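The lines below spell out each chain.
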Amino acid sequence: QVQLVESGGGLVQAGGSLRLSCAASGRTFSNYAMGWFRQAPGKEREFVAGISWSGGSTYYADSVKGRFTISRDNAKNTVYLQMNSLKPEDTAVYYCAAGPQAYYSVRYHYTNQYKYDFWGQGTQVTVSS
């Protein structure tokens, strides 16, 4: 089992920034690919960003490319999502997720929520206009 706890959400004005953190515990963090997903009210959960075990490969949804950055610190068992130039349409509950790195070799694996075995409880991000 891997336990994931997100933090860093909140209310921010459009154009502002937030950094989300996801702390992992339970198993060797560096064995896992990590992803960030989000779900807005009345919408399906969608992929935001993914990162390989080493941080050497990163993937982004087109809607956040150039504004969001995913990173990880394996020594701290933590993955981050730096969100800049936030827009009202970024408002959602943000979830981090983990899956064994062996499952992931191409972009599609990272964007597919069903490839992830473990999920956090989510953190709310609200962007006001």
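Residues numbered from 1 in each chain as written. Predicted model: local features only at pLDDT ≥ 70, side-chain atom pairs only at ≥ 80, totals over all residues. Heavy atoms only, no water.

K.L.:
Which residues make up the pairing of strand β9 (residues 92-100), and what values do they have?
P.N.:
Extensive coverage of β9 is indicated by the burial of 7 of its 9 residues. Here strand β4 (residues 32-39) runs beside β9; their pairing, made up of 8 bridges, is antiparallel. Bridge pairing in β9 links Tyr32 to Pro100. Taken together, the 3 bridges between β9 and strand β11 (residues 123-128) define a ladder with antiparallel strand orientation. When the bridges of β11 are listed, Ala92 appears paired with Val125. Pairing of β9 with strand β10 (residues 118-119), which is carried by 2 bridges, proceeds in the antiparallel orientation. Across the sheet, Ala97 pairs through a bridge with Trp119, a residue of β10. (Buried < 20%, exposed > 50% of the residue type's maximum accessible area, 1.4 Å probe, protein only. Helix = DSSP H or I, 4+ residues; strand = E, 2+ residues; numbered from the N terminus. Pairing = 2+ DSSP bridges.)

K.L.:
How would you explain the packing of aromatic side chains if you had to name every residue and give the values?
P.N.:
Both the distance between ring centres and the angle between the ring planes are used here to describe each pair of aromatic rings. All told, the structure shown has 9 aromatic pairs when counted by the stated rule. Taking 6.2 Å as the distance between ring centres and 70° as the angle between the ring planes, the aromatic pair formed by Tyr32 and Phe118 counts as edge-to-face. Of this pair, Tyr32 sits in strand β4 while Phe118 sits in strand β10; the two residues are 86 residues apart in sequence, bridging distant segments of the chain. For the pair shown, Tyr32 and Phe118 are each scored as buried. One aromatic cluster in this structure is built from Phe37, Phe47, Tyr59, Tyr103, Tyr104, Tyr110, Tyr116 and Trp119. (Phe/Tyr/Trp six-rings, centres within 6.5 Å; stacked < 30°, edge-to-face > 60°.)

K.L.:
Report on the side chain of Gln101, specifying residues and quantitative values.
P.N.:
Residue position: Gln101 is located in the loop between β9 and α1 (107-111). Given a relative accessible area of 15%, Gln101 falls into the buried group. A distance of 2.7 Å separates a polar side-chain atom of Gln101 from the backbone nitrogen of Trp53. (Polar contact = N/O pair within 3.5 Å; in protein donor to acceptor, adjacent residues only side chain to side chain.)

K.L.:
An account of the side chain of Ser52 is requested, with residue identities and associated values reported.
P.N.:
As for its position among the elements, Ser52 is in the loop between β5 (46-51) and β6 (58-60). You can call Ser52 buried: its relative accessible area is 6%. A polar atom in the side chain of Ser52 sits 3.3 Å from the backbone nitrogen of Gly56. The residues contacting Ser52, other than those within four sequence positions of it, are Ser57, Arg72, Gln101 and Tyr110. (Contact = heavy atoms within 4.5 Å.)

Worth remembering: the numbers are spatial, not functional.
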